[in-house]
Amino acid sequence: MKRFALILIPFLLLTMQTPASAEKNNDKQLKAAIIIDDFGGGTGGVRDFLEGDIPITAAVMPFTEHSKEHAEWAHKNGFEVMVHLPMQPKKGKRSWLGPKPITVDLSHKEVKQRVKEALKSVPYAVGLNNHMGSLAVEDEEVVRAIVEVAKEKKLYIVDSGTSPKSKFPQIAKEMNVPLLKRDVFLDDISSSSHVRKQMNRLAKITEFTGRGIAIGHVGVTGKVCSVGIFQSMDEFKRRNIKIVPASQLFATKLTEQYLIP
Ligand SMILES: [Zn+2]
């Protein structure tokens with residue numbers, strides 16, 4: 001009898017857990033985020049997104065003529081705002097970075113200062129991701145300085161994935177700062193049919209893992225990018241995938257901790 005009870009107890013415990021797990025499973029809505037980079041810079045597609053009805057997340061470049069305007073416009077229309085932090089790449093023109101980028105020659109203190117200034121330049125930002133940065137994201141000291149500010153200001157981070165050797169995941173984990181990595185670039189080829197194809201990849205990844213994260217752009221490819229995304233929405237509805245602000249892809253606890261002041 002004793003032996004039977006010993007076997008039975010773990011079994012009962014398992015059974016007791018079932019309702020809670022079932023509840024969790026009911027909440028398993030497939031969720032994908034579409035981050036649109038380079039707001040504040042180019043203007044192509046800006047109006048289409050910010051006056052549109054897809055809950056994209058607007059990643060706004062700091063220190064540009066339109067930084068503040070685009071951030072405020074996005075916020076006013078209910079879009080989540082991120083800072084799109086320009087970071088030094090291995091190749092490319094300096095002009096692609098815009099003013100006051102994060103470069104590897106800056107000291108720890110200077111990087112922190114610059115990230116804080118960037119935040120002031122982009123009101124309402126609740127997260128950050130990197131613009132370019134294939135060189136700077138591999139620099140542990142630079143990345144640590146950025147993650148420290150993210151922790152202080154309670155920002156989440158999305159690693160745009162411009163280098164496979166990015167230090168963001170490791171350091172964010174070390175410092176307990178929420179981070180996600182970009183799964184798909186939508187407009188690396190500028191045609192709406194390519195964007196639709198990439199949106200289909202986003203849908204597949206979301207179905208496979210429960211969540212997905214894509215990055216598109218305003219600017220020269222902005223119009224084409226917006227057309228491709230809008231054309232994909234019926235398909236997303238059919239597949240029961242909800243487009244959500246990037247912050248909603250994080251675990252509830254972290255979101256509460258990070259987003260409620
Ligand atoms: Zn960018």
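Whatever comes next refers back to the structure up there.
Residues numbered from 1 in each chain as written. Predicted model: local features only at pLDDT ≥ 70, side-chain atom pairs only at ≥ 80, totals over all residues. Heavy atoms only, no water.

### Quick look at the overall build of the chain
Put simply, the rule is: By the criteria applied, helices consist of DSSP H or I runs no shorter than four residues and strands consist of E runs no shorter than two, each listed in order from the N terminus. Only protein chains enter the accessibility calculation, which uses a 1.4 Å probe. A residue is then buried if its area is under 20% of the maximum for its type, exposed if over 50%, and partly exposed in between. Between two residues, a contact is recorded if the distance between any of their heavy atoms is within 4.5 Å. Each accessible area is a Shrake-Rupley result for a 1.4 Å probe, and residues are judged covered by the shown protein chains and nothing else.
For the chain, the helix and strand inventory stands at nine helices and nine strands. For the chain, the residues scored as buried account for 47% of the 261 residues in total. Partitioning the intrachain contacts of the chain with sequence separation of at least 6 by distance along the chain shows that 74% fall at a separation of at least 24. Counting only carbon and sulfur atoms, one obtains 56% of the accessible surface of the chain, whose full area is about 13800 Å².

### Quick look at the pairing of strand β1 (residues 30–39)
What counts, and what does not: Two strands pair under a simple rule: DSSP has to find at least two bridges between them.
Most of β1 is tucked away: eight of the 10 residues are buried. Of the strand pairs in this sheet, β1 and strand β9 (residues 241–243) are connected by three bridges, and their pairing is parallel. When the sheet's bridge partners are listed, A32 is paired in β9 with I243. The sheet contact formed by β1 and strand β8 (residues 211–217) spans seven bridges and is parallel. Residue pairing in the sheet places I36 in a bridge with G216 of β8.

### Section: the pairing of strand β3 (residues 80–87)
Going by this rule: By convention a crossover is right-handed if, when the strands point away from the viewer, the path from the first strand over the helix to the second runs clockwise.
With respect to burial, β3 is a largely interior element, eight of its eight residues being buried. Burial along β3 is two-sided: the residues E80, M82, H84 and P86 and V81, V83, L85 and M87 are all buried. In this structure, strand β2 (residues 57–60) lies alongside β3, joined through four bridges in parallel fashion. Following the sheet pairing, T57 is matched in β3 by E80. Once you follow β2 into helix α3 (residues 67–76) and on to β3, the crossover reads as right-handed. Pairing geometry for β3 and strand β4 (residues 125–132), over seven bridges, is parallel. Opposite M82, over in β4, you have G127 as the bridge partner. Taken together, β3, helix α4 (residues 108–121) and β4 constitute a β-α-β crossover, and its handedness is right-handed.

### Side note on the side chain of D159
Selection criterion: Lys and Arg are tallied as positive, Asp and Glu as negative. Neither His nor the chain termini are counted. Note on definitions: salt bridges are taken to be side-chain nitrogens of Lys or Arg within 4 Å of carboxyl oxygens of Asp or Glu.
For D159, the position within the fold is in strand β5 (residues 156–159). For the buried D159, no salt bridge is present, and the opposite-charge side chain at shortest range is K181, 6.3 Å distant. Beyond its immediate chain neighbours, meaning those up to four positions away, D159 contacts N130, S166, F168, P169, L179, L180, K181 and R182.

### Comments concerning the coordination of the zinc ion
Ideal geometry at a metal centre: 109.5 degrees between donors when four sit tetrahedrally, and 90 or 180 degrees when six sit octahedrally. Rules: Metal sites are built from N, O and S donor atoms within 2.8 Å, or 3.2 Å for Na, K and Ca, and they leave out water, so they may look incomplete.
Summarising the metal site, the zinc ion is bound by the protein donors D38 (OD), H84 (NE2) and H131 (ND1), whose distances to it range over 2.1 to 2.2 Å. Between consecutive donors of the zinc ion, the numbers of intervening residues give the motif D-x45-H-x46-H. Linking D38 in strand β1 with H84 in strand β3, this pair joins segments that are 46 residues apart in sequence. Neither residue differs from the other here; D38 and H84 are each classed as buried.

### Regarding unusual backbone geometry
Here K154, not a glycine, exhibits a phi torsion of approximately 55°, which is positive. In this fold, K154 is placed in the loop between α5 (140–152) and β5. For K154, a relative accessible area of 39% puts it in the partly exposed group.

### A word on the packing of helix α7 (residues 192–209) against helix α8 (residues 222–238)
For any two helices packed against each other, the geometry comes down to the angle between their axes and how far apart the axes lie. Test applied: Convention adopted: a line fitted to C-alpha atoms gives each axis, helices being fitted over their contacting stretch, and angles between N-to-C directions are expressed from 0 to 180 degrees. Roughly parallel means an angle under 35 degrees; roughly antiparallel means over 145; roughly perpendicular covers 65 to 115; every other angle is labelled oblique. With the far helix as reference, a near helix turned anticlockwise by less than a right angle produces a left-handed crossing, and one turned clockwise produces a right-handed crossing. Ten residue types, Ala, Val, Leu, Ile, Met, Phe, Trp, Tyr, Cys and Pro, are classed as nonpolar, four, Asp, Glu, Lys and Arg, as charged, and the remainder, Gly among them, as polar.
At their nearest, the axes of α7 and α8 sit 8 Å apart, and the two run at 45° to each other. Accordingly, the angle class assigned to the pair α7 and α8 is oblique. The two elements α7 and α8 meet at a crossing, and its hand is right-handed. Taken together, the residues of α8 that come into contact with α7 (itself represented by S192, V195, R196, M199, L202 and A203) are V224, C225, V227, G228, I229, Q231, S232, M233 and F236. Residues belonging to the contact of α7 with α8 are distributed by class as follows: 10 nonpolar, four polar and one charged.

### Examining the packing of aromatic side chains
What counts here: Here the aromatic set is Phe, Tyr and Trp, taking the six-membered ring for Trp, and pairing holds for ring centres within 6.5 Å; pairs whose planes are under 30 degrees apart are stacked, those over 60 apart are edge-to-face, and all others are tilted. Placement of a positive charge over a ring is assigned whenever Lys NZ or Arg CZ falls within 6 Å of the ring centre and within 35 degrees of the normal to the ring plane.
Going through the model one piece at a time under the given rule, you end up with two aromatic pairs. Seen in terms of ring centroids, F49 and F230 are 6.4 Å apart; in terms of plane orientation they differ by 35°. Their pairing is tilted. Remark: F230 occurs in helix α8 and F49 occurs in helix α2 (residues 46–50); sequence separation between them is 181 residues. The class of F230 is partly exposed, set by a relative accessible area of 31%. Plain terms: the ring middles of Y156 and F250 are 5.1 Å apart, the flat faces sit at 45° to each other, and that makes the pair tilted. Taken together, the residues span a long stretch of sequence, with Y156 in strand β5 and F250 in the loop between β9 and α9 (252–259) at a distance of 94 residues. Of the two residues examined, Y156 and F250, each falls in the buried class. Sitting over the ring of F63, K100 keeps its end group 4.6 Å from the ring centre. Above the ring of F185, the side-chain terminus of R182 is found at 3.8 Å from the ring centroid.

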